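If you want the building blocks of each chain, they are given just below.
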Amino acid sequence: MTDATDTAAPASVPTIEPAVHAKLVERIRFFFGDANFRNDQFMQNEAKSNDGYVEISSLLRFNSVKKLTTLPAHVAKAAEEVATVVVSKDGEAIRRKDPLPENYNANDRTICVVGLPTKDVAAKVEEAKEATEVKEVKEVKETEETKVEGEEEKTEKKEKKEKKAPQEYTVNIDAVKAAFGKFGEVALVRMRYNKSDAAKGIAKSALGSCFIEFGSVEIAKAAVEAKETVKVGEAECTYTAMNEWLAANSNKNKKNKGNNKKGGGDDAPSEKKEGVELVIVPIEHESNCVITLSGIPEGSDREAIKAAFADVEGGADVYVDYSRGETDGAVRFKKSFDGIKDVAEKLASGDIKIAEAAVAGAKLLEGEEEEKYWNDAAKAMAERKRKFNDRKGNGGGNRGGKKQRR
């Protein structure tokens, strides 16, 4: 960006299809909107170092933008139609018109929608496979032996179909936005998936629900007060306020945990022992080697997060600090390297994905933030060890007195 004066982009803009232009307008509105920008560490970092501007060349690296156009002029022209942003004089950068609101509670703007239509992923694959097999059978004369094998294979397929097959949505985010747009601006849609587990052969599967964050608290309240079903595709969907949904699920989880506890014996939870000191042993570490993650995709696990760093320097030895079902976590490298900040930025921009989905935000910890992280990690490790020893009832400590390591 050569000039930060706020005026229109250059007048001469190559022709672009109206539908593509409209999609670019929607993308700019989304990227710079409160819901996304507040969690997008990559865009925030660039804006902080560039008088509030994000270079259009950076936006063109985003997958959803570069599939629409490779020309900066197209993006600048689209940004002119977004009331909440400003285009630089040279047409090479965009900034938010207003700063992020100080008191922003996403839950107050969000609803949980259930009943979204899904279909079997396996069924679709099997249908295509069976169609190919029928064609091949016409070209090859079957013997009695191949007929028997064919029947056995069909039986196996039937048994597989009887198991709960992975699901996929038959509607996309745009369809959800269109359906709920009648209440007002839809700022963000997060489609929900189950918790996959590659080790156990559990595939990613659509849950038939999503979270919708509206443009304002007032819109969300109006939607909840309407208390009506909304048709998305061919399905009639219902919804509840996010805070109500969280409270209901919290109570459900507490009840399930209570049912799983055994009464008495060694398995009964022990009370905290008075006078037992919490011994916190510092964790050996280097500086600038922790990246925190927020908005981790639904269904992620440690294996999926670690897999995202397979092609990153030091990724083979990365430690994943994450508990299944949580939305936040961190990854710890054994040592820092020159491109570690770029890795954090790629995570934030969606260039690096976890379980085929982008995180809401990523940040390389530095200075006091990093020290706080390591102190909290050491304390958490000490508390887990003390809890383990209490449950064992033998007061055992560190084996061999070894220093804690990552």
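Within each chain, residue numbers correspond to sequence positions counted from 1 in written order. Since the coordinates come from a predicted model, pLDDT governs what is reported: local features require at least 70, and pairs of side-chain atoms require 80 or more to be given and counted, while whole-chain, interface and lining totals use all residues. With hydrogens and water stripped out, all remaining heavy atoms of the structure feed into the side-chain values.

Another aspect to go through is the overall build of the protein. Looking only at helices and strands, one finds 14 helices and 14 strands in the protein. Put simply, the protein has 406 residues, and 37% of those count as buried. For this analysis, residues touch if any pair of their heavy atoms sits within 4.5 Å. Pairs at least 24 apart in sequence give 72% of the contacts found in the protein among residues at least 6 apart. In these tables, accessible area is a Shrake-Rupley quantity obtained with a 1.4 Å probe, and a residue counts as shielded only by the protein chains included in the view. Accessible surface computed for the protein: about 24,400 Å², of which carbon and sulfur atoms make up 49%. Only runs of H or I of at least four residues qualify as helices and only runs of E of at least two qualify as strands under DSSP, and these elements are numbered from the N terminus. When a residue's accessible area, from a 1.4 Å probe over protein chains only, is under 20% of the maximum for its type it is buried; when over 50% it is exposed; and in between it is partly exposed.

Once that is clear, we can look at unusual backbone geometry. A positive phi angle is found at Ala355, which is not glycine, with a value near 55 degrees. You can see Ala355 is positioned in the loop between helix H13 (340–349) and strand S14 (361–364). Taking relative accessible area as the criterion, Ala355 reaches 26% and is therefore assigned partly exposed. Within the chain, Glu356 stands out as a residue other than glycine whose phi angle is a positive 65 degrees. On the secondary structure map, Glu356 appears in the loop between H13 and S14.

Tracing the chain through its elements places Val312 in the loop between helix H12 (302–307) and strand S12 (319–321). As a C-alpha pair, Val312 and Ile352 span 40 residues in sequence and 10.0 Å in three-dimensional space. Contact partners of Val312, with chain neighbours within four places excluded, come to Phe333, Phe337, Val343 and Ile352.

Burial in H13 covers these residues: Ile340, Val343, Ala344, Leu347, Ala348 and Ser349. Contacts made by the buried residues of H13 are with helix H3 (41–48), strand S11 (290–294) and S14. Note on H13: the residue one or two positions beyond its end, Gly350, has a positive phi of about 95 degrees.

Moving on: helix H1 (residues 18–31). Helix length check: H1 (14 residues) gives 20 Å between terminal C-alpha atoms against 20 Å at 1.5 Å per residue, within 8%. Along H1, the residues classified as buried are His21, Leu24, Val25, Glu26, Arg27, Ile28, Phe30 and Phe31. By definition here, a helix of n residues has an expected span of 1.5 Å times n minus one.

On to the sheet that holds strand S3 (residues 93–96). Taken together, the three strands give an open sheet; going across it, the order is S1-S3-S2, and neighbouring strands pair in antiparallel fashion. Edge positions in the sheet fall to strand S1 (53–55) and strand S2 (85–87), since each of these pairs with one other strand and no more. Taken pair by pair, the neighbouring strands of this sheet meet at an average axis angle of 30 degrees, ignoring direction. DSSP-based pairing: two strands are paired if at least 2 bridges between them are found. For every element, the axis is a line fit to its C-alpha atoms; helices are fit only across the contacting stretch, and the angle between N-to-C directions ranges from 0 to 180 degrees.

By convention in these notes, a salt bridge is any Lys or Arg side-chain nitrogen within 4 Å of a carboxyl oxygen on Asp or Glu. Using the criterion set out here, one finds 15 salt bridges in the structure. We note a salt bridge from Glu26 to Lys23, for which the minimum N-O separation is 3.7 Å. Note that Glu26 and Lys23 are positioned in helix H1 at a spacing of three residues, about one turn of the helix. In this structure Glu26 comes out as buried when scored by relative accessible area, which is 19%. A salt bridge links Arg332 to Asp321; the nearest nitrogen and oxygen atoms lie 3.7 Å apart.

Here we come to the confidence of the model for the protein. Each residue gets a pLDDT score, which is the predictor's confidence in that residue and runs from 0 to 100. Predicted confidence across the protein gives a mean pLDDT of 80, with 76% of residues reaching 70 or more. The model gives residues 262–275 a pLDDT under 50, and that stretch makes seven contacts with residues more than four places away or in other chains.

Let us look at the nonpolar core. Definition used in this section: a nonpolar core is a set of buried Ala, Val, Leu, Ile, Met, Phe, Trp, Tyr and Cys residues joined via side-chain atoms within 4.5 Å. Counting residues in each nonpolar core, the largest one holds 62 residues, and the members touching the most others are Phe32, Ile291, Phe309 and Phe333. What Phe32 contacts, discounting residues up to four positions off in sequence, is Phe37, Met43, Val54, Leu59, Val85, Ile94, Arg95 and Arg96. If you look at the next biggest cluster of nonpolar residues, it comprises 24 residues, including Tyr169, Phe180, Phe214 and Tyr239.

Turning next to the sheet that holds strand S13 (residues 329–332). On the basis of which strands lie adjacent, the open sheet formed by four strands has the order S12-S13-S11-S14 and antiparallel pairing. Every interior strand has two partners, whereas the edge strands, S12 and S14, have only one. Between one strand and the next, the sheet's axes are offset by a mean angle of 20 degrees, whatever the strand orientation. Sheet topology places S12 next to S13; three bridges connect them, and they run antiparallel. Within the sheet, the bridge partner assigned to Val320 lies in S13 and is Val331. H13 contacts S11 and S14 of the sheet and is inclined by roughly 170 degrees relative to S14.

Along the chain, Trp374 turns up in helix H14 (residues 367–392). Sequence spacing of Trp374 and His285 is 89 residues, and the spatial spacing of their C-alpha atoms is 8.3 Å.

We now examine the pairing of S13. Because side chains alternate across S13, one face comprises the buried residues Gly329 and Val331, and the other comprises Ala330 and Arg332, equally buried. For S11 and S13, the ladder comprises four bridges, and the chain directions are antiparallel. The residue of S13 that forms the bridge with Thr292 is Ala330.

Glancing now at the packing of aromatic side chains. Pairing of aromatic rings covers Phe, Tyr and the six-membered ring of Trp, with a centre-to-centre limit of 6.5 Å; geometry is then stacked below 30 degrees between planes, edge-to-face above 60, and tilted otherwise. Using the criterion set out here, one finds twelve aromatic pairs in the structure. Centre to centre, the rings of Tyr169 and Tyr193 are 5.5 Å apart; their planes meet at 85 degrees, and the pair counts as edge-to-face. Taken together, the positions of Tyr169 in strand S6 (residues 167–169) and Tyr193 in strand S7 (residues 186–193) put the pair 24 residues apart, joining distant regions of the chain. The buried category is assigned to Tyr169, whose relative accessible area is 12%. Between Phe183 and Tyr239, the aromatic rings sit 6.1 Å apart at their centres with planes inclined by 65 degrees, giving edge-to-face as the arrangement. Placement of Phe183 in the loop between helix H9 (173–180) and S7 and of Tyr239 in strand S10 (residues 235–241) is noted, with a sequence separation of 56 residues between them. Residue class for Phe183 comes out buried when judged on its relative accessible area of 18%.

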